[in-house]
Each structure stands twice: as structure tokens, then as C-alpha cells.
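# Understanding the architecture of this molecule
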Amino acid sequence: MNEQIIYFFRKKPYFFYSFFPVFGALYSFVLAILFLKWSPFKTDIFIVLFFLSALWFAAFYLSYAKTLPTYKFEREKEKFTLLEARVISDFSLSDRENIFKKIEAVRVFVRKIFSDQSLVSVKILSLINKTLFLYIENLSIIKSLNAGLSAVTGETKKEQIVKKAQAYESANIMLLEYLDSYISELAANNQNDKETASVRNELERMLILLKNINKK
């Protein structure tokens, strides 16, 4: 939630900058209640400030709720781009590497089956980002272990490091297998099959209707 609010402020900076005077007005209102002696003039000022703050929060909520689905999708796309750039630059992987081929296949099927900004699409994109993030973290650990391997003396310690590196490599292989399962499931969920069945049923009903007309 906090991440989404920050992204909202980034997209609509005028809400971000206007928040500070609103916060200042509310903070002053609280201090006035605690420490100041009230007069009719001060009461009128703080009533105006309070209602202006209330209007700001109402405008913020309406705008945030309206843009939330779109901004969720855009934020996940942005995160994917950042993760992709990181894995390419930090680990010298090409954007044509195996994991990117699988991710692109998932994205193609998602675009075909669901609309880009549907709730399902956002959830799948979020899951892809989590998968890619974990894949990168495992690569980072493997890289650190391999760097430490050359600095360690003693066969037992080296074997321990090798086993740890192999465990993280196995974890990444498992992640790729999960992506394969996603691709298989999405490929099986073909909208054309449903549409073909629907057309077939319509044609069958039409044939029955025509036969009944001919009988008359």
C-alpha cells in the first residue's frame, strides 16, 4: 500500500506538494486545541483550514481510487523494467536468456487471455516480478559464494561453499520450472476453444430451428 501511495505521488506531484501545507494546517489545529486560548477569529480561521484539509483528503481519495488499477499495472511494469536492467547489468545476462524467454511467453499469453490492466493481469505481473527478484537474489548469492570460494583454503570449507551454491542454483532451476508450469496452464486456457464451442452450440440450435420450420 505504501509503495502504491508513493507511486501515486510520483505521478501526481501536486498532491505531494500540497500535502505539506495541509499537514501543517492540521498540526497547527492540534497545537491550538492543546495550548491556545480560543477566540471567535481564531475559531473561524481553524474551521476554514479544517474544511480545506477535508477537501484535500476527499480529492486525494477520489483520485487515488480512480487511478489505482491503472497505476498498479504501471508500477508493476516499471518494477519489471528495473529488475530486467539489474539482472542484465549485474550478471551480464542477455534479454534473450532463458528466464526472459519464459517471462515474455507468460506476458504474451496474459495479454491474449486477459486485458492488460485486469486484476488477474496485475497479479500475474506482480508474481513475475517476485519470481524475477528472487531469481536475481539467488544469482547474487551464487556470485558471492563463487567469489569466496577462491579465497577459502581447505577442501571441507570449499565443498560446503560449493554445496550452498548448488542449492541456490537448484532454487533458480525450480523457479524456471514454475514459469514453465505457468506457460503450460496459460496455453491451455485458450479463449478460441470457448468461442468455438459457443458458435457450435449456436449452429446446432439454428439447425434445429430450420428443421422445425421445414416440417411445418
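Structure first, text after, so check above.
Definitions and limits used
- Residues numbered from 1 in each chain as written.
- Predicted model: local features only at pLDDT ≥ 70, side-chain atom pairs only at ≥ 80, totals over all residues.
- Heavy atoms only, no water.
- Helix = DSSP H or I, 4+ residues; strand = E, 2+ residues; numbered from the N terminus.
- Areas by Shrake-Rupley, 256 points an atom, 1.4 Å probe, with all protein chains shown as cover.
- Core = buried A, V, L, I, M, F, W, Y, C linked by side-chain atoms within 4.5 Å.
- Buried < 20%, exposed > 50% of the residue type's maximum accessible area, 1.4 Å probe, protein only.
- Contact = heavy atoms within 4.5 Å.

## Comments concerning the overall build of the chain
A count of helical and extended segments in the chain gives seven helices and zero strands. Helices and strands appear in the chain in the N-to-C order α-α-α-α-α-α-α. For the chain, the computed accessible surface area is about 15,100 Å², with 64% contributed by carbon and sulfur atoms.

## Things to note about the nonpolar core
Formed by 20 residues in total, the largest nonpolar core has its most connected members in Ile 99, Ile 103, Val 106 and Leu 132. Looking at this core, the element that brings in the most residues is helix 5 (residues 119-149), giving six residues. Here Ile 103 is in contact with Phe 80, Ile 128, Leu 132 and Leu 179, once residues within four sequence places are set aside. By size, the runner-up hydrophobic cluster in this structure holds nine residues, among which are Tyr 7, Phe 8, Phe 9 and Val 22.

## Quick word on the environment of Ile 88
Looking at the secondary structure, you find Ile 88 in helix 3 (residues 40-91). On the accessibility criterion, Ile 88 (31% relative accessible area) is partly exposed. Counting along the chain gives 48 residues from Ile 88 to Ile 136, while the straight-line C-alpha distance between them is 9.9 Å.

This is a description of form; function is not addressed.
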